[in-house]
Amino acid sequence: MLDKETNEVVEKTETLNKQDDKFIEFLKDIIKTIVIYVAVAFIITQFIVRPFRVDGESMYPALHDREVGFSNIIGLKISGVKRFDTVIVYIEETQKYLVKRVIGLPGERVEYENDVLYINGLPVAEPFLVEAYVSSETDNHTIDFTPDFGPVILGSEQYFLLGDNRLKSSDSRVYGPFDASQIKSKNGVIIYPFDKIRTLGGDPQ
C-alpha cells in the first residue's frame, strides 16, 4: 500500500516538474522573441528608417498635422542631402525633431527678396510650393509668403531649412542654420492616415 502511494507521489511530482519545465521553456521563448524584436526594431530605427509624426502646419500642404510616416536614414547616408529634400532635424536645446525642407546648402549665400529665393545672387524656383495655397495665404495680406531676409552665408557643414508654410513655420529664420550632424534622415513615406499613403521626396507635387 505504501509503495503504491509512494509511486503516486513520485508520478505527481514528476508531472509537476515537467509542467514547470514547460512553463520555463515557454517564458524563455517569449523573452527570446521580445529581445529579437527589440533588437530588430533598434537596428531599423537607427540605421534604416526613422518613424516621425507631423506636429503642426509648418509643412502644409505637403504634410498635414498628425500624419505619420517613416523617413529614410540609409538614403541620407548613401546619397547625402540635396536641395529641396524633406528632412528630419534634431534640436538639442528643446530635444525635439522637426520636419523641414532643405533650401540652402553648405557654403551658399541664401536670401529672399520680393518672394524670390536667391542662391549666390541667382534666382532659384521653388517648384514644391503650391501656387493656389500661396495665393490664398497672401491675397488678403500685405506681406510676401516668404518675407524678405538675408543674406545668410552658410558654413561648410551648414544647411538652411524652411517649412513649406512660410508664414506658420519656425525654421532657420528662428534657429539659424542647422549643422549636418542635426539632420537625421530624409524623404521617405507617409503611412497614416491610410487613405493618404504616399512617398515623401524633394518635390511633393
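Residues numbered from 1 in each chain as written. Predicted model: local features only at pLDDT ≥ 70, side-chain atom pairs only at ≥ 80, totals over all residues. Heavy atoms only, no water.

A. Expanded view of the pairing of strand 3 (residues 86–91). Most of strand 3 is tucked away: 5 of the 6 residues are buried. Where strand 3 and strand 4 (residues 96–104) come together, 6 bridges link them in antiparallel fashion. Opposite Thr 86, over in strand 4, you have Arg 101 as the bridge partner. The antiparallel hairpin formed by strand 3 and strand 4 contains 4 residues in its connecting segment, where Gln 95 sits at a positive phi of about 55 degrees. (Buried < 20%, exposed > 50% of the residue type's maximum accessible area, 1.4 Å probe, protein only. Helix = DSSP H or I, 4+ residues; strand = E, 2+ residues; numbered from the N terminus. Pairing = 2+ DSSP bridges.)

B. Broad picture of the packing of aromatic side chains. Applying the stated criterion across every chain, the model contains 8 aromatic pairs. Summarising the aromatic geometry, the rings of Tyr 60 and Tyr 133 are spaced 5.1 Å apart at their centres and angled 70 degrees between planes, so their arrangement reads as edge-to-face. With a gap of 73 residues between them, Tyr 60 in the loop between strand 1 (49–53) and strand 2 (68–72) and Tyr 133 in helix 3 (residues 131–138) connect regions that are remote in the sequence. Classification of Tyr 60 as partly exposed rests on a relative accessible area of 30%. Through a chain of ring-to-ring contacts, the aromatic side chains of Tyr 60, Tyr 133 and Phe 145 assemble into a single cluster. For Arg 101, the ring lying beneath its charged end belongs to Phe 128, and the centroid distance is 4.3 Å. (Phe/Tyr/Trp six-rings, centres within 6.5 Å; stacked < 30°, edge-to-face > 60°. Lys NZ or Arg CZ within 6 Å of the ring centre and 35° of its normal.)

C. Highlighting the layout of surface pockets. Here the largest pocket defines a volume of roughly 340 Å³. At 5 residues, strand 4 tops the list of elements feeding residues into the lining of the largest pocket. Among the residues making up the lining of the largest pocket, the classes are represented as 7 nonpolar, 5 polar and 6 charged. The volume enclosed by the second largest pocket comes to roughly 210 Å³. Asp 115, Val 116, Glu 126, Leu 129 and Val 134 are, among the 14 residues lining the second largest pocket, the residues nearest its centre. Contributing elements (two or more residues each) for the lining of the second largest pocket: strand 6 (116–119) and helix 3. (1 Å grid on protein atoms, 1.4 Å probe; cavity = no way out; pocket = protein on both sides within 12 Å on 5 of 7 lines; lining within 4 Å. Points joined across faces, edges and corners; volume = space filled by probe spheres on them. Nonpolar A, V, L, I, M, F, W, Y, C, P; charged D, E, K, R; others polar.)

D. Looking closely at the nonpolar core. Membership of the largest hydrophobic core comes to 15 residues, with the highest contact counts inside it found for Ile 103, Val 110, Tyr 112, Leu 117 and Phe 160. Among the elements of the structure, strand 5 (109–113), strand 6, helix 3 and strand 9 (158–162) are those that each provide at least two residues to this core. Not counting residues within four places of it along the chain, the set of residues in contact with Phe 160 comprises Arg 101, Val 102, Ile 103, Gly 104, Val 110, Phe 149, Val 152, Leu 154, Ser 172 and Arg 173. Membership of the second largest hydrophobic core comes to 12 residues, among which are Ile 91, Leu 161, Phe 178 and Ile 183. (Core = buried A, V, L, I, M, F, W, Y, C linked by side-chain atoms within 4.5 Å. Contact = heavy atoms within 4.5 Å.)

E. Broad picture of the environment of Tyr 133. Residue Tyr 133 is classed as buried on the basis of its relative accessible area, which comes to 14%. Between the C-alpha atom of Tyr 133 and that of Asn 165, which follows or precedes it by 32 residues, the distance is 9.1 Å. Setting aside its immediate chain neighbours within four residues, Tyr 133 contacts Tyr 60, Pro 61, Phe 145, Asn 165 and Lys 168.

F. Geometry of the sheet that holds strand 5. What the 4 strands build is an open sheet, ordered 7-6-5-8; its pairing is antiparallel. On the outer flanks of this sheet lie strand 7 (122–124) and strand 8 (149–153), each paired with one strand and no other. On average, each strand axis in the sheet is inclined to that of its neighbour by 25 degrees, with strand direction left out of account. In this structure, strand 5 lies alongside strand 8, joined through 3 bridges in antiparallel fashion. Bridging from a neighbouring strand, Val 110 pairs with Val 152 of strand 8. (Axes fitted to C-alpha atoms, helices over the stretch in contact; angles between N-to-C directions.)

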